[in-house]
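The residues making up each chain are set out below.
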2 protein chains.
Amino acid sequence: MKVLSEPARVRGFRFAGVSAGLKTAAGAKDLGLIAAENQVSAAGVFTTNRVKAAPVVIASERVSRGRLQAVVVNSGSANCFTGKPGLRLALNSCAAVAAELGCDGAGVAPCSTGVIGHLYDFEKYRDGVRRAAGALSEDGLEEFARAIMTTDTRPKTASATLRLGGREIAIAGAAKGSGMLSPHMATMLAFIVTDAAVTPAQLRAALKGASASSFNAITVDGDMSTNDTVLAMASGAAENRALGERERSLFAEAMGAVASSLARQLVYDGEGATKLVAIRVRGARTRADAERIARRIANSPLVKTAFFGCDPNVGRIIAAAGASGAALDPERLELKVGGVKIASRGMLVVGALQAAQERMREREFAVELDLKLGSGEAALLTSDLSFDYVKINAEYTT
Amino acid sequence: MKVLSEPARVRGFRFAGVSAGLKTAAGAKDLGLIAAENQVSAAGVFTTNRVKAAPVVIASERVSRGRLQAVVVNSGSANCFTGKPGLRLALNSCAAVAAELGCDGAGVAPCSTGVIGHLYDFEKYRDGVRRAAGALSEDGLEEFARAIMTTDTRPKTASATLRLGGREIAIAGAAKGSGMLSPHMATMLAFIVTDAAVTPAQLRAALKGASASSFNAITVDGDMSTNDTVLAMASGAAENRALGERERSLFAEAMGAVASSLARQLVYDGEGATKLVAIRVRGARTRADAERIARRIANSPLVKTAFFGCDPNVGRIIAAAGASGAALDPERLELKVGGVKIASRGMLVVGALQAAQERMREREFAVELDLKLGSGEAALLTSDLSFDYVKINAEYTT
C-alpha cells in the first residue's frame, strides 16, 4: 500500500472547485463539486451536535439509502440555524446540481461550512454550480479541496493505492477543518472517494473504522460543530472481484490511512497552531479512562498555552489528567514529553526539564503518560493555543 | 444584612501576611496566617481532582474533625506532586505554626498555591511563620489576602454583617484565584471566618451551600486544580444564642453572599479577563441539562474569544449548547446577549446584532438562553479568552 498526502486519480469521479461569490473575499473559491457517472455506493458520518445544519439533515437522510451520485459543498455560509428557509435552500441547491448533471436530485448530498445563521445567495450559488459542472475533471480534487476551505491556510488531500480483489485500486480524499476541531469532528468536512467495487455496507464499515482512529482522534479546541460531515463514495470502476474478509480489512486499513493523513493535516493547520502534539495515554485502568485523560489533557487551555510556550509543565498535564475523573495514582505514573522522562513515581525527574523544553521547540512532539494501572490506551492529536488562535477567533465574525 | 467587597472585623480572629522569600519576586508577600484564640468550629471544601497536593491531603483530614485553630497559606509553591517529602514538608510547616502560636499542631491546616512539583524552602518558610505570628492583627485580613495571591492582580476580600441569635455577627473572607478557575474551584483558595457561635455541622452545611452557588458556579478556563480549598472557621465570639432553623438559613445566606462576592472578584480578575459574563440558562428539561449547557458555553474557547472580540456570535453559542449533549430544540430556543434578543425560533433576529455588539463592549453583560423545554435553570459566571490569557499562561513557567 502506498499512501501520499496528495491526490491520486480515482476512476469514475470528477471534481471541480470554483468561485461563486459566496465568500466575502473576491475571487476566492467557495463551491466544490464531486460527481460520479451514476449512483454509486455511499456512506457518511455526521456531527452528533444537537443543533444540525440544514445540509446535514438532508445529506444524512440521503446517504442512509447507501447510494449517491454527487456531493456539492459550499464554504462561506454554514446554512445552519436558518430554519425552514435553510432546508428549502439546501434542497434547491441539490436540485440545481441535479439539473446540471442530468441526474436525480435525491442522489445529491449537500454540505455547507462557514458562518452560522445566514442563508447564502441562491442565484450566485446556482451560477457557481453551472460553472463547477462545466469544470469537472478527473484531476480536480485539489481545486475541490481549495473551494471548501474556510480559515484553513492550505488545501488538504491524501491518497492510497493498493492491489485488491485482483485489481489496482485507489482511494483519495480531501478535507477542511481549522477551527472548532473536536471531540467528534467539529466543523470538519472530509470526502473520500474510491474506485473499488464495494457494497454500501462494506463502505460504511470501512468509513466508520477509519473515522474513529482519525477524525475522531483529533482535537483543536474541544468544540463540536453543527456541520461536521464525512462522506465516502465508491464507484466500482476498478472492477475488482468481491472482497473477502481479509481484503475488506485491507480496504478499511487503506481508507484509515487516507483519513489519518487528512486528520493530521487538519491539526497541523489548526487555527493559529504552531505545534502538532501527540497525546498518548497508556496503562489506564480501561480504554475509556485512557480516552478521558487524553481528551482532558488535549483540551486544557492551560496545557495548550504551555505547549505554545515550550514549557514542559508537569503540573498542568498531571492536573488535567487528575481532573478527568479517571482512575489515577500520582505515585505510580510516568510522564514523558518529547521522549524525555520528566515525572516518575509522584515526583519531577531532577534536571530533565531543560532537555524536554528543547524538544518542545520542535514543530512536533509527543506527550506520553503511563498510568501503570492497567492496559487501557488512547491516542489523540492536538495543537497548541497561541496568540493567533485568539486573534483569528476574536476577529472572525458573525 | 450588609454585604461589602472589603473586610469587616471578625472577633476572635487575627490575620497576617508577610514576605518569606518563597516567591521569585523580591519582597512579594507570600505567607499568610489566620489564627483563632483556641480551637473553633471549622469546615472545608476541597478539590475533587484525583491528584491532590500534600497540604490538601492534610488539611482535609484535619478539618474533618470539625475543629481548627489556625490556617497557614503560602503562595509561590503548590507543594503538589512532591511525594512523601511534600507531605513531610506540609506537616513540618504546621508544626512551625503551632510552635509559634503555642497550640496543638493538629489544629493547624496548611494550604499552598503556586508552581507544581517543587518543594519550598523550609528555613525561609519557618522564618516567615515567625514574622507572621508577630504581625497578627485583627485588621490584617487585607494583608493576608495579598500574601495568598499568585497571578491575581489585586487582593480579594468581602464581608457581611447581620443580626442573628440576638447579636450583631460578622462574616469576612479572602480569596485568590486567577488562572485555572473551574468546574470545581480550580487553583482557588478561599477563607471565610465568622464570630457567630455555630456548631461544626451548621458551619459545614452553610459552607457547602455557599460554595455551590459561588465558587462552583464560576469558570475561567475549565480546568480544576490540585490545590483548591475553601476553609471556614467560626469563633463563637459573638456569643449569640443557638440558631433556630430560620436563623441558620439566614446565616447560610450571609455566608453565600460573602462567597459570591469573592467568586465574582475571582472571575473579574481572571487571567487576562476583559469581560465578566453571566451565563444564564433556563427552560432546560432538567437542572442538570441547564448546567451542562451553561458549562459548555462558558468553557468554549470559540465562545470566549467571541466575547473578547465583542462578537454576538449566535452560531458559536448555539453550537456549544448543542454539543453539550443536553436536550435542545433549535426551533424553540431564544437567545439574548446583553439583554438584546438575537435568536428566536431557529433563526437570527434580523437587525439585532449591532445592538448586542454595543452591549458587549461593556465590561459586564449576560448571555441568556431560554430553551423553552422545561423548568431547568443554571447560572455561571465566566470571563473572555484574550491575548493576555495566552501570554500569561505561555510565560508562567514550571
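Cut-offs used in this document
- For every chain, the first residue of the written sequence is number 1, and numbering continues from 1 along that sequence.
- Throughout, the order in which chains and ligands are written sets their labels, letters from A for the former and numbers from 1 for the latter.
- With the structure being a predicted model, the display of local features is reserved for residues of pLDDT at least 70 and the display and counting of side-chain atom pairs for 80 or more, all residues being used for whole-chain, interface and lining totals.
- Side-chain numbers here rest on the full set of heavy atoms in the structure, without hydrogens or water.
- A run of H or I in DSSP becomes a helix once it reaches four residues, and a run of E becomes a strand once it reaches two; helices and strands are each numbered from the N terminus.
- It is over C-alpha atoms that the radius of gyration is taken, and the globule rule equals 2.2 Å times the number of residues to the power 0.38.
- Whether two residues touch is decided by their heavy atoms; if any such pair falls within 4.5 Å, the residues are in contact.
- Using a 1.4 Å probe, the Shrake-Rupley method yields the accessible areas, and only the shown protein chains count as cover for residues.
- Think of it this way: Lys and Arg go in the positive column, Asp and Glu in the negative one, and His and the chain ends go nowhere.
- Charge coordinates come from a single atom per side chain, which is NZ of Lys, CZ of Arg, CG of Asp or CD of Glu.
- Overlaid copies result from least-squares superposition on C-alpha atoms, with residues included only where pLDDT is at least 70 in both.
- Buried area is understood as the total, over both parts, of accessible area removed when two parts are fitted together, assessed with a 1.4 Å probe.
- Within this document, salt bridges are pairs made up of a side-chain nitrogen of Lys or Arg and a carboxyl oxygen of Asp or Glu, the two lying within 4 Å of each other.
- Residues adjacent in sequence count toward polar contacts only when both atoms are side-chain atoms; beyond that, a polar contact is any pair of N or O atoms within 3.5 Å, and within protein one must be able to donate a hydrogen and the other to accept it.
- Exposure categories follow from relative accessible area, calculated using a 1.4 Å probe and restricted to protein chains: below 20% of the type maximum is buried, above 50% is exposed, and the middle band is partly exposed.
- For two strands to be treated as a pair, DSSP must find at least two bridges joining them.
- Annotation comment: domain bounds sourced from an automatic or database domain assignment.
- Fitted lines through C-alpha atoms serve as axes, helices being fitted only where they are in contact, and the angles separating the N-to-C directions of these axes extend from 0 to 180 degrees.
- The cut-offs work like this: below 35 degrees is roughly parallel, past 145 is roughly antiparallel, 65 to 115 is roughly perpendicular, and the gaps in between are oblique.
- By the definition used in this description, the sense in which the near helix is turned from the far one sets the handedness, with an anticlockwise turn below a right angle giving left-handed and a clockwise turn giving right-handed.
- The quantity known as pLDDT measures the predictor's confidence residue by residue, on a range of 0 to 100.
- Multiplying one less than the number of residues by 1.5 Å gives the expected span of a helix.
- When two rings of Phe, Tyr or Trp (its six-membered ring) have centres within 6.5 Å they constitute a pair, described as stacked for plane angles under 30 degrees, edge-to-face for angles over 60, and tilted for the intermediate range.
- Only Lys NZ and Arg CZ are tested; either one counts as a charge over a ring when it is within 6 Å of the ring centre and within 35 degrees of the ring normal.
- Patch rule: a residue counts if its relative accessible area is over 30% and it has no salt bridge; like charges are joined within 9 Å, and nonpolar side chains (Val, Leu, Ile, Met, Phe, Trp, Tyr) within 5 Å.

## Overview of the overall build of chain A
In step 1: Across its full length, chain A holds eleven helices and 16 strands.
In step 2: Over its C-alpha atoms chain A spans a radius of gyration of 22 Å, differing by no more than 12% from the 21 Å that the globule rule assigns to 398 residues.
In step 3: Dimensions of chain A, computed from C-alpha atoms along their principal axes, come out at roughly 70 × 50 × 35 Å.
In step 4: Within chain A, contacts between residues at least 6 apart in sequence are counted, and of these 81% link residues at least 24 apart.
In step 5: With the model as given, the accessible surface of chain A reaches about 14,000 Å², and the carbon-plus-sulfur share is 49%.
In step 6: Averaging the coordinates of the 48 positive side-chain charges in chain A and doing the same for the 40 negative ones gives two points 3 Å apart.

## A word on the relation of the copies chain B and chain A
In step 1: Superposing chain B onto chain A requires a rotation of 180 degrees together with a translation of 0.0 Å along the rotation axis, leaving an RMSD of 0.0 Å. On the angle and the small slide along the axis, the relation comes out as a two-fold axis. Proximity to the rotation axis, assessed at the C-alpha, singles out Phe 387 of chain B in chain B; its C-alpha lies 2.9 Å from the axis.
In step 2: The fraction of interface residues of chain B whose copies in chain A are also interface residues reaches 100%, indicating that both copies meet through the same surface.

## Topic: the interface of chain B and chain A
In step 1: Tallying the contact residues gives 59 residues for chain B and 59 residues for chain A.
In step 2: Interface of chain B and chain A: buried area, both sides summed, is about 4,800 Å²; carbon and sulfur atoms make up 65% of it.
In step 3: For the pair chain B and chain A, the number of links is zero salt bridges.
In step 4: Here chain B is connected to chain A by eight residue pairs in polar contact (both at pLDDT 80 or more).

## Focus on the pattern of salt bridges
All names here are of chain A.
In step 1: Within the structure shown, the criterion is met by 47 salt bridges over all chains.
In step 2: One salt bridge connects Lys 156 with Asp 152, and the closest N-O pair in it is separated by 2.7 Å.
In step 3: Glu 291 is the partner of Arg 287 in a salt bridge, and the nearest nitrogen-oxygen pair spans 3.2 Å. Residue Arg 287 and its partner Glu 291 are located together in helix 7 (residues 287-299), separated by four residues, close to a single helical turn.
In step 4: What you see here is one network of salt bridges that share partners, running through Arg 282, Glu 334, Lys 341, Asp 370 and Lys 372.

## Structural notes on the pairing of strand 7 (residues 167-176) of chain B
Residue and element names in this part refer to chain B.
In step 1: Burial runs high along strand 7: eight of the ten residues are buried.
In step 2: Pairing between strand 6 (residues 156-164) and strand 7: nine bridges, direction antiparallel. Residue pairing for strand 7: Ser 159 is matched across the bridge by Ala 172.
In step 3: Here strand 6 hands over to strand 7 after two residues, with Gly 165 in that stretch at a positive phi of 55 degrees.

## Notes on helix 9 (residues 314-323) of chain B
Residues and elements named next belong to chain B.
In step 1: Counting buried residues in helix 9 gives ten out of ten residues, a clear majority hidden from the surface.
In step 2: Looking only at helix 9, the buried set comprises Val 314, Gly 315, Arg 316, Ile 317, Ile 318, Ala 319, Ala 320, Ala 321, Gly 322 and Ala 323.
In step 3: One or two steps after helix 9, the chain reaches Gly 325, where phi turns positive at roughly 90 degrees.

## Describing the domain arrangement of chain A
In step 1: Under the domain assignment, chain A is made up of domain 1 (2-268) and domain 2 (276-395).
In step 2: Measuring from the centre of the C-alpha atoms in domain 1 of chain A to the corresponding centre in domain 2 of chain A gives 33 Å.

## Topic: the packing of helix 7 (residues 287-299) of chain B against helix 9 of chain B
Residue and element names in this part refer to chain B.
In step 1: Two elements in contact, helix 7 and helix 9, have axes separated by 8 Å at closest approach and are oriented at 135 degrees. Our classification of the angle between helix 7 and helix 9 gives oblique. For the crossing formed where helix 7 meets helix 9, the hand is right-handed. Contact residues: helix 7 offers Ile 293, Arg 296 and Ile 297, while helix 9 offers Ile 317, Ala 320, Ala 321 and Ala 323.

## A closer look at the confidence of the model for chain A
Detail in the predicted coordinates should be disregarded across regions flagged by low pLDDT.
In step 1: On average, chain A scores 91 in pLDDT, and the residues at 70 or more come to 94%.
In step 2: Across the interface, the model reports ipTM at 0.75; the global pTM reads 0.82.

## So, helix 2 (residues 83-101) of chain A
In step 1: Under the 1.5 Å per step criterion, the end-to-end length of helix 2 of chain A is 28 Å for 19 residues, consistent within 8% with the ideal 27 Å.
In step 2: Along helix 2 of chain A, the positions that sit buried rather than exposed are Gly 83, Gly 86, Leu 89, Ala 90, Ser 93, Cys 94, Ala 96, Val 97 and Ala 98 of chain A.
In step 3: Considering only its buried residues, helix 2 of chain A is in contact with strand 3 (31-46), helix 1 (54-63), strand 4 (67-77), strand 5 (108-115) and helix 3 (122-135) of chain A together with strand 14 (347-348) of chain B.

## Digging into the packing of aromatic side chains
In step 1: Under the defined criterion, the tally for this structure stands at eight aromatic pairs over all chains.
In step 2: Geometrically, the ring pair formed by Phe 144 of chain B and Phe 191 of chain B is edge-to-face, given 5.3 Å between the ring centres and 85 degrees between the ring planes. Taken as a pair, Phe 144 of chain B in helix 4 (residues 141-147) and Phe 191 of chain B in strand 8 (residues 189-194) lie far apart in primary sequence, 47 residues in all. Summarising the burial analysis for this pair, Phe 144 of chain B and Phe 191 of chain B share the class buried.
In step 3: Ring centres of Phe 307 of chain B and Phe 365 of chain B lie 5.6 Å apart, and the angle between their planes is 80 degrees; this geometry places the pair in the edge-to-face category. With Phe 307 of chain B in helix 8 (residues 301-308) and Phe 365 of chain B in strand 15 (residues 364-370), the pair connects residues that are 58 residues apart, well separated along the chain.
In step 4: Of the residues examined, Phe 307 of chain B reaches a relative accessible area of 1% and is grouped as buried.
In step 5: Here the guanidinium or amino end of Arg 363 of chain A rests over the ring plane of Tyr 268 of chain A, the centre of that ring lying 3.8 Å away.

## Considering the environment of Arg 292 of chain B
Residues and elements named next belong to chain B.
In step 1: Within the secondary structure, Arg 292 sits in helix 7.
In step 2: With relative accessibility at 43%, the residue Arg 292 sits in the partly exposed group.
In step 3: The sequence separation of Arg 292 and Val 281 amounts to eleven residues, and the corresponding C-alpha distance is 9.6 Å.
In step 4: Here Arg 292 is in contact with Ser 324, Gly 325 and Ala 326, once residues within four sequence places are set aside.

## As for the side chain of Asn 227 of chain B
Residue and element names in this part refer to chain B.
In step 1: Relative to the helices and strands, Asn 227 is located in the loop between strand 9 (218-219) and strand 10 (229-234).
In step 2: Residue class for Asn 227 comes out buried when judged on its relative accessible area of 3%.
In step 3: Polar side-chain contacts of Asn 227 include one of 2.8 Å to the backbone oxygen of Ala 78.
In step 4: With sequence-adjacent residues up to four places away left out, Asn 227 is seen in contact with Thr 47, Ala 53, Pro 55, Val 56, Ala 78, Cys 80, Ser 112, Thr 113, Met 188 and Leu 189.

## Focus: a positive patch on the surface
In step 1: Judged by side-chain charge, Arg 50 and Lys 52 of chain A together with Arg 285, Arg 292, Arg 332 and Arg 345 of chain B come together as a positively charged surface patch.
In step 2: Within the secondary structure layout, Arg 345 of chain B lies in the loop between strand 13 (340-344) and strand 14.
In step 3: For Arg 345 of chain B, a relative accessible area of 64% translates into the label exposed.

## Quick word on the environment of Val 340 of chain B
Residues and elements named next belong to chain B.
In step 1: Residue placement: Val 340 occurs in strand 13.
In step 2: Of the residues examined, Val 340 reaches a relative accessible area of 11% and is grouped as buried.
In step 3: Each C-alpha atom, one on Val 340 and one on Phe 13, is 47 Å from the other, the two residues being 327 residues apart in sequence.
In step 4: In this structure Val 340 touches Leu 335, Ala 352, Ala 355, Ala 356 and Arg 359, once residues within four positions along its chain are discounted.

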